[in-house]
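# Secondary and tertiary structure notes
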Amino acid sequence: MKPNIWRHALGVLALLPLCLSVYAQAPTTTPPGPPAATTAPAAATTPAPTAVLSKDDAKTLSDAKAAATTPEGASRGDTAWMIVASALVMLMTPGLAFFYGGLVRSKNVLNTLMMSFAALGIISIQWMLWGYSVAFGPTEIKVLGMGLFASPLSWMGLQAGAGATPVSNAPTIPGAIFMLFQMTFAIITPALISGAIAERMKFGAYCLFILLWATFFYDPLAHMVWDGGYIGTGGLHALDFAGGTVVHISAGVSALVLCIMLGKRKGHGAEEMRPHNVPMVLLGAALLWFGWFGFNAGSQLAADGVSTAAFINTHIATAAAGLSWMVVEWIKFKKPTAVGFASGAVAGLVAITPACGFVNAFDALLIGLVVSPLCFSAIQLKSKLNSYDDALDVFGVHACGGIWGALATGLFANSGVNALITDPKTPLGRSNGIFSGLAGASISQFVAQLEAVSLTIIMAIVSTLLIGSLVKVVCGGLRAPENEEEDGLDVTEHGEEGYHGDNAGMPALAGID
């Protein structure tokens, strides 16, 4: 009986934050009484005297304003923050490499690491040459009245839009910093896909795939959501603060399609394929958690109250999701695992991404608590179905977590956090807390979020099928030969080994069920 008692106690503790969240946001009642306007006559007001500055004070104020901005009109404070945020997001891709690298078998660790590092090289050059122009260039290309992408010629090779002068998307920072910040997003998004196709895809085919996928899918999608295109202010008016649709749903769904095209790993379901290095997984998760502050808070493109809210919400949701995943494992498997906590933390980071700049801390807590059971269930369902081999559960964490986060944005978006919500150009109207997005005219925002999610899923499926099929023809197949897969892709694709010695790279949790 004692284990049952402890499991029930843990379940109650897990639900306690949710109860506190609902209670804290319940409307408070005001005791009956006369209207405030009738309690006392309004006091007469007189205009405050206008202060007259001396010449020295005026000069000091003028010098202070000049010091706060660059000669081109950018804010020095915002610029400094965005330089740091760009560096933080860049660090996320090596963090992802370690996270994925620890989860695979030791004979494929270098190949898995290289898939993320290759994206750093390939997508950086692609973004500089034409990707930035396609996503954020000034000349929009419309199809049937819908803005889908910008002209690749407008800012090709950073001929413009990437200097010291601010651009319309980021009026307080240099265009070069905006370009660099968005580049780091473009890098990590295709790298996320590598987790689903780990241990079996040709490295050359992968490199060509991410180049084409970024060009023909990611860049147009970024324009559609963040640069006035159809999904954003040019049509659906969906809210996506830092990349729920653009990054996580797009990568997660594409990863599922690509891993189905590749087929299952040799020995899947029959051989042990446990993580070979759990400390590496935790290191990667820590780097992702750290870098994600730049990912989310930096998406405000300014150092202000909204970026602060995004920063706080990112941490709260991540902590809640890590604990939530741990409790779920504790109840189901009797043991909480390090890999489980790391997976839950990443799921929390994914879920809060689209909402972080639109919700308050209690809503972030709820989003984090809910996402882990959802993603955990998706992964368990994958195992039961056994119909595809998403090696590192990219779909289960990023797609499912991103879908929940995008829809939760429509549920919890709060005008007290972000005044953008009250903009008449958006269908949301006014929203003030838990489930308030479902009240009155605000239901339209949830519908807009649902439409954005659906459109992103459809586009990801079609794009990945077409690009994957083309790469298959060009590269003579997507998958490494069976004997090379058996030997490990580190040696066969790169001519290197991650570890040396008889006991190097032993599977984590070996012999423990």
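This write-up is about the structure you can find in this document.

About the cut-offs
- Residues numbered from 1 in each chain as written.
- Predicted model: local features only at pLDDT ≥ 70, side-chain atom pairs only at ≥ 80, totals over all residues.
- Heavy atoms only, no water.
- Helix = DSSP H or I, 4+ residues; strand = E, 2+ residues; numbered from the N terminus.
- Polar contact = N/O pair within 3.5 Å; in protein donor to acceptor, adjacent residues only side chain to side chain.
- Contact = heavy atoms within 4.5 Å.
- Core = buried A, V, L, I, M, F, W, Y, C linked by side-chain atoms within 4.5 Å.
- Buried < 20%, exposed > 50% of the residue type's maximum accessible area, 1.4 Å probe, protein only.
- Expected span 1.5 Å × (residues − 1).
- Axes fitted to C-alpha atoms, helices over the stretch in contact; angles between N-to-C directions.
- Parallel < 35°, antiparallel > 145°, perpendicular 65-115°, else oblique.
- Left-handed = near helix turned anticlockwise from the far one by under 90°.
- Nonpolar A, V, L, I, M, F, W, Y, C, P; charged D, E, K, R; others polar.
- Phe/Tyr/Trp six-rings, centres within 6.5 Å; stacked < 30°, edge-to-face > 60°.
- Salt bridge = Lys/Arg side-chain N within 4 Å of Asp/Glu carboxyl O.

To continue, consider the side chain of Glu485. Position of Glu485 among the secondary structure elements: in helix H15 (residues 482-487). Separated by 2.7 Å, the side chain of Glu485 and the backbone nitrogen of Lys266 make a polar contact. In contact with Glu485, other than residues within four places in its own chain, are Lys107, Glu199, Arg200, Arg265, Lys266, Arg479 and Ala480.

Burial of nonpolar side chains together is a common tendency in soluble globular proteins. Judged by nonpolar contacts, the single largest core of 131 residues is most densely connected at Phe99, Trp127, Met201, Tyr206, Phe209, Tyr218 and Phe295. Looking at this core element by element, the count peaks at 16 residues for helix H7 (residues 203-226). The residues contacting Met201, other than those within four sequence positions of it, are Met115, Tyr206, Phe209, Leu258, Leu262, Leu478, Arg479, Ala480 and Leu489.

In this model, helix H6 (residues 175-193) (19 residues) spans 29 Å end to end at C-alpha, consistent with the 27 Å of a helix rising 1.5 Å per residue. Buried residues dominate H6, accounting for 17 of its 19 residues.

Quick look at the packing of H6 against helix H9 (residues 278-297) now. For the pair H6 and H9, interaxial distance at closest approach is 11 Å and the crossing angle is 135°. In terms of their interaxial angle, H6 and H9 are classed as oblique. Between H6 and H9 the crossing geometry is left-handed. Contacts from Phe181, Phe185 and Ile188 in H6 reach Leu288, Gly294 and Phe295 in H9. Among the residues making up the contact of H6 with H9, the classes are represented as 5 nonpolar, 1 polar and no charged.

This part covers the packing of aromatic side chains. Evaluation of the coordinates by the stated rule reveals 17 aromatic pairs. Residues Trp292 and Phe295 carry aromatic rings whose centres are separated by 5.4 Å and whose planes lie at 55° to one another, so their mutual orientation is tilted. Note that Trp292 and Phe295 are positioned in helix H9 at a spacing of 3 residues, about one turn of the helix. Linked through ring pairs, Trp127, Tyr132, Phe136, Trp155 and Phe178 together constitute an aromatic cluster.

Our next topic: the pattern of salt bridges. Tallied over the full model, the rule gives 9 salt bridges. For Arg265, the salt bridge identified is with Asp389, shortest N-O distance 2.8 Å. Here Arg265, found in the loop between helix H8 (244-262) and H9, pairs with Asp389, found in the loop between helix H12 (361-385) and helix H13 (394-412); they are 124 residues apart in sequence, far enough to count as distant. The two residues Arg265 and Asp389 agree in class, both being buried. The residue Glu485 makes a salt bridge to Arg479 at a minimum N-O spacing of 3.1 Å. A single salt-bridge network, built from bridges that share partners, covers Arg105, Glu199, Arg200, Arg265, Glu271 and Asp389.

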